[in-house]
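# Per-entry structural report
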Amino acid sequence: MAGLADSGSNPDVDLLYDINGLAKDAPPWFDHVMEFVGEFGILFALLGMLAWCWWGVRRRGGEDAAPTVAALVWAPLAAGVAVLVNVPIRGFVERPRPFNDHEGLEVLVAGKTDYSFVSDHATLCMALAVGLFLANRRLGIFALVLGLIGGFIRVYMGVHYPTDVVGGLALGTAVALLLSPLAMALLTPLMRAIERSPRGGWLINARGPAARTTQEENRPSEPGRRDLAA
């Protein structure tokens with residue numbers, strides 16, 4: 001399985017050279033920026049978006065605060081699960097990094113000695129992005145775009161084949177989506193319990209339990225529902 005892309009006529013390799021060739025033509029300062037963004041920037045941005053979304057949810061409160069926070073908690077958990085799933089995949093495929101098999105690549109990050117398929121960065125980024133999308137559609141779309149950009153940068157850096165990135169994007173998406181019903185079934189009751197807690201309730205609803213009770217009391221009655229106190 002190590003020879004997934006050991007031929008220069010392979011479209012995967014051709015696309016690798018085309019994308020990585022952009023790094024050769026770019027000024028050094030730009031490559032340094034891309035190196036930082038590809039290694040840390042995209043991940044930090046996605047984690048920052050998760051924190052920002054959580055802050056907005058807890059300030060707004062409401063009935064959907066607990067399930068929304070549950071979805072936000074699931075995002076990093078999904079990323080962790082996806083990376084664990086990737087461990088046996090990497091060990092089975094055993095695909096060397098592209099710079100080990102192909103000459104003339106502009107490698108922006110040295111010291112990569114592990115296997116190439118599937119890309120951990122692409123897996124992490126897409127799992128985080130999909131988890132955020134489940135919690136907030138608008139932020140989630142932006143996060144998905146960031147995940148795709150992050151995958152492109154990994155090829156630009158010369159540390160992954162395009163199919164490594166595609167595999168990572170697919171793996172992160174699959175784990176975050178397929179396991180989300182089970183995760184939400186477990187996490188939502190936990191978040192509701194925390195929301196009712198006097199000490200931890202601020203993590204879910206900054207307005208506190210009293211505000212939630214008031215919201216429930218002021219909620220309009222369902223059509224045709226009889227008021228027992230009348």
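Residues numbered from 1 in each chain as written. Predicted model: local features only at pLDDT ≥ 70, side-chain atom pairs only at ≥ 80, totals over all residues. Heavy atoms only, no water.

Helix length check: helix α1 (residues 11-25), at 15 residues, gives a terminal C-alpha distance of 21 Å against a target of 21 Å (1.5 Å per residue), a fit within 8%. Buried within α1 we find D12, V13, L16, I19, N20, G21 and A23. In this structure, the buried residues of α1 make contact with α2 (28-60), α4 (98-101), α6 (137-156) and α7 (162-178). Measuring from the side-chain oxygen of the N-cap residue of α1 to the backbone nitrogen of D12 gives 2.8 Å; that N-cap residue is N10. (Helix = DSSP H or I, 4+ residues; strand = E, 2+ residues; numbered from the N terminus. Expected span 1.5 Å × (residues − 1). Buried < 20%, exposed > 50% of the residue type's maximum accessible area, 1.4 Å probe, protein only. Contact = heavy atoms within 4.5 Å. Polar contact = N/O pair within 3.5 Å; in protein donor to acceptor, adjacent residues only side chain to side chain.)

Moving on, we get to the packing of aromatic side chains. Counted under the stated rule, the structure contains five aromatic pairs. Ring geometry for W29 and F30: centres 5.8 Å apart, planes at 90°, overall edge-to-face. Assessed through its relative accessible area of 31%, F30 is described here as partly exposed. For the pair F36 and F40, a centre-to-centre distance of 6.0 Å together with 50° between the ring planes defines the contact as tilted. Here the residue F36 and the residue F40 both occupy positions in helix α2, the gap between them amounting to four residues, near one helical turn. Owing to a relative accessible area of 45%, F36 belongs among the partly exposed residues under this scheme. Classification of F40 as partly exposed rests on a relative accessible area of 42%. Grouping aromatic residues by their ring pairs yields a cluster made of W29, F30 and Y156. In this structure, R137 is placed above the aromatic ring of F133, and the distance from its NZ or CZ to the ring centre is 4.7 Å. (Phe/Tyr/Trp six-rings, centres within 6.5 Å; stacked < 30°, edge-to-face > 60°. Lys NZ or Arg CZ within 6 Å of the ring centre and 35° of its normal.)

In terms of nonpolar packing, the biggest core is built from 51 residues, with L46, M49, L128, L132 and Y156 touching the most fellow members. With ten residues, the single largest contributor to this core is helix α3 (residues 65-93). Aside from chain neighbours lying at most four places away, what touches L46 is C125, L128, A129, A143 and L146. (Core = buried A, V, L, I, M, F, W, Y, C linked by side-chain atoms within 4.5 Å.)

Here K112 is to be found in the loop between α4 and α5 (120-135). A distance of 3.3 Å separates the side chain of K112 from the side chain of E39, its partner in a polar contact.

Mean pLDDT over the protein works out to 84, with 86% of the residues at or above the 70 mark. pLDDT under 50 marks residues 213-218. Its contacts with residues more than four places away, or in other chains, come to three contacts. Counting contacts from residues 224-230, a segment whose pLDDT is below 50, to residues more than four positions away or on other chains yields zero contacts. (pLDDT = per-residue confidence, 0-100.)

Our next topic: the environment of G201. Locating G201 in the fold gives a position in the loop between α8 (180-196) and α9 (208-217). Along the backbone, G201 and M191 are ten residues apart, and their C-alpha atoms lie at a distance of 8.9 Å. Every residue in contact with G201, bar those within four places of it in the chain, is listed here: I194 and E195.

Turning our attention to the environment of F92. Locating F92 in the fold gives a position in helix α3. F92 gets classed as exposed once you look at its relative accessible area, which sits at 61%. Distance from F92 to F117, taken between C-alpha atoms, is 9.6 Å for residues 25 residues apart in sequence.

Turning our eyes to something else, we now look at the pattern of salt bridges. Where charged atoms of side chains with opposite charge meet at close range, the side chains can pair. As enumerated under the stated definition, the model contains seven salt bridges in all. Between E39 and K112 there is a salt bridge, and its shortest N-O distance comes to 3.3 Å. Here E39, found in helix α2, pairs with K112, found in the loop between α4 and α5; they are 73 residues apart in sequence, far enough to count as distant. Summarising the burial analysis for this pair, E39 and K112 share the class buried. Among the charged side chains, a salt-bridge network with shared partners connects R90, R97, D114 and D120. (Salt bridge = Lys/Arg side-chain N within 4 Å of Asp/Glu carboxyl O.)

Tracing the sequence through the fold places A193 in helix α8. Classification of A193 as partly exposed rests on a relative accessible area of 36%. C-alpha separation for the pair A193 and I204, spaced eleven residues apart in sequence, amounts to 9.8 Å.

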